[in-house]
Amino acid sequence: MALEICAKAAVGAPHLLGDCPFTQRVLLTLEEKNISYQMHLIDVSNKPQWFLEVNPEGKVPVVKFDGKWVPDSDVITQILEEKYPEPSLVTPSEYASVGSKIFGTFVTFLKSKDAIDGSEQALIFELFALDKHLKTHGPFVNGEKVSAVDLSLAPKLYHLEVALEHFKSWSVPENLAHVRNYTKLLFSRESFIKTVTSDKKYVIAGWGPKVNP
């Protein structure tokens, strides 16, 4: 029986999958574990009543487990690992926090209007740390095999790439070759291609109000 998941619909295109990196993380996990699922697209600017009744906080993603809707991608992916242990996506605990500060530093830099506030350097510092890890342990965070930490990072790195190129004409520095190779590997996986929003413009539309409130 297929699992039900509520996912963010694209901004201005409620019939298409949207840009939420946390939703994509869950979808990637479902795809990598070959779990069948039924997706309900939620227009977050006009949430349907049935959705708010089962999920009063109104956040996506939510997945239905044993008749109960469960929010939070951290919780959802943990439950998926427990219920569907094969193939294993467990990341060794010593690598679980690799790259964990990249998304926060990316958002700070993206929103920054001050070229000398250090936000760009903070992001480069985090990307450099990831590059160093991949150089030693790559091509993925845990070597040859994709694990949960990669599926969490992949959508965030995609948002970083698309949003920073559009809003700041910025890209990952050439000397971070392992990070650049890592993103190519992740973005070319079948699971990623199947779960990414259909057009970069929806990622840009999602970030627009946050960059220029």
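For clarity, every value in this text was computed on a predicted model and none was experimentally measured.

(A) How the structure looks around the side chain of Asp150. The residue Asp150 is located in helix 6 (residues 148-168) in this model. An unpaired buried charge is present at Asp150: no salt bridge exists, and Arg189, the closest side chain of opposite charge, is 7.9 Å distant. Apart from the residues within four sequence positions on either side, Asp150 is in contact with Phe140, Val141, Lys145, Tyr182 and Leu186.

(B) Structural view of the packing of helix 4 (residues 102-111) against helix 6. Put simply, helix 4 and helix 6 touch, their axes get as near as 10 Å, and they point 15° apart. The orientation of helix 4 with respect to helix 6, classified from their angle, is roughly parallel. Classified by chirality, the crossing of helix 6 by helix 4 is left-handed. Across the interface between the two elements, Ile102, Phe103, Phe106, Phe109 and Leu110 from helix 4 touch Lys156, Leu157, His159, Leu160, Ala163, Leu164, Phe167 and Lys168 from helix 6. For the contact of helix 4 with helix 6, the residue count by class is 10 nonpolar, one polar and two charged.

(C) A look at the pattern of salt bridges. The full count for this structure, using the stated rule, is nine salt bridges. With a closest N to O distance of 2.6 Å, Arg25 and Asp74 form a salt bridge. Remark: Asp74 occurs in helix 3 (residues 73-83) and Arg25 occurs in helix 1 (residues 21-32); sequence separation between them is 49 residues. A residue is classified by how much of its surface remains accessible, and Arg25, at 13% relative accessible area, is buried. The shortest N-O distance in the salt bridge between Lys59 and Glu57 comes to 3.9 Å. Owing to a relative accessible area of 52%, Lys59 belongs among the exposed residues under this scheme. Residue Glu57 is classed as exposed on the basis of its relative accessible area of 61%.

(D) View of the pairing of strand 1 (residues 3-10). Across the eight residues that make up strand 1, a large majority, seven, are buried. In this structure, strand 1 lies alongside strand 4 (residues 62-65), joined through three bridges in antiparallel fashion. Bridging across to strand 4, Cys6 finds its partner in Val62. In this sheet, strand 2 (residues 13-17) lies alongside strand 1 in antiparallel orientation, the contact comprising two bridges.

(E) Fine view of the nonpolar core. If you look at the biggest cluster of nonpolar residues, it comprises 39 residues, and the most contacted ones within it are Phe106, Leu123, Leu127, Leu157, Leu160, Tyr182 and Trp207. Among the secondary structure elements, those contributing two or more residues to this core are helix 4, helix 5 (119-137), helix 6, helix 7 (177-187) and helix 9 (200-211). Examining the composition of this core, we find that 10 residues originate from one element, helix 6, more than from any other. Here Leu157 is in contact with Ile102, Leu127, Tyr182, Thr183, Leu186 and Phe187, once residues within four sequence places are set aside.

(F) Quick look at the packing of aromatic side chains. For the structure on display, the rule yields 11 aromatic pairs. Seen in terms of ring centroids, Phe106 and Trp207 are 5.3 Å apart; in terms of plane orientation they differ by 80°. Their pairing is edge-to-face. With Phe106 in helix 4 and Trp207 in helix 9, this pair connects stretches of sequence that are 101 residues apart. The buried category is assigned to Trp207, whose relative accessible area is 8%. The ring of Phe103 carries Lys156 above its face, with NZ or CZ at 5.8 Å from the centroid. In this structure, Lys168 is placed above the aromatic ring of Phe109, and the distance from its NZ or CZ to the ring centre is 4.8 Å.

(G) Main features of the environment of Pro21. Relative to the helices and strands, Pro21 resides in helix 1. Residues Pro21 and Lys194, 173 residues apart in the sequence, show an inter-C-alpha distance of 14 Å. Filtering out sequence-adjacent residues up to four positions away, Pro21 remains in contact with Phe103, Pro155, Lys156 and His159.

(H) Just the side chain of Ser147, in detail. As for its placement among the helices and strands, Ser147 is situated in the loop between helix 5 and helix 6. A relative accessible area of 1% places Ser147 in the buried class. Apart from residues lying up to four places away in sequence, Ser147 is in contact with Leu89, Val90, Thr91 and Asn142.

Each value, and the rule that gives it
Residues numbered from 1 in each chain as written. Predicted model: local features only at pLDDT ≥ 70, side-chain atom pairs only at ≥ 80, totals over all residues. Heavy atoms only, no water. Helix = DSSP H or I, 4+ residues; strand = E, 2+ residues; numbered from the N terminus. Buried < 20%, exposed > 50% of the residue type's maximum accessible area, 1.4 Å probe, protein only. Lys, Arg positive; Asp, Glu negative; His and termini not counted. Salt bridge = Lys/Arg side-chain N within 4 Å of Asp/Glu carboxyl O. Contact = heavy atoms within 4.5 Å. Axes fitted to C-alpha atoms, helices over the stretch in contact; angles between N-to-C directions. Parallel < 35°, antiparallel > 145°, perpendicular 65-115°, else oblique. Left-handed = near helix turned anticlockwise from the far one by under 90°. Nonpolar A, V, L, I, M, F, W, Y, C, P; charged D, E, K, R; others polar. Pairing = 2+ DSSP bridges. Core = buried A, V, L, I, M, F, W, Y, C linked by side-chain atoms within 4.5 Å. Phe/Tyr/Trp six-rings, centres within 6.5 Å; stacked < 30°, edge-to-face > 60°. Lys NZ or Arg CZ within 6 Å of the ring centre and 35° of its normal.

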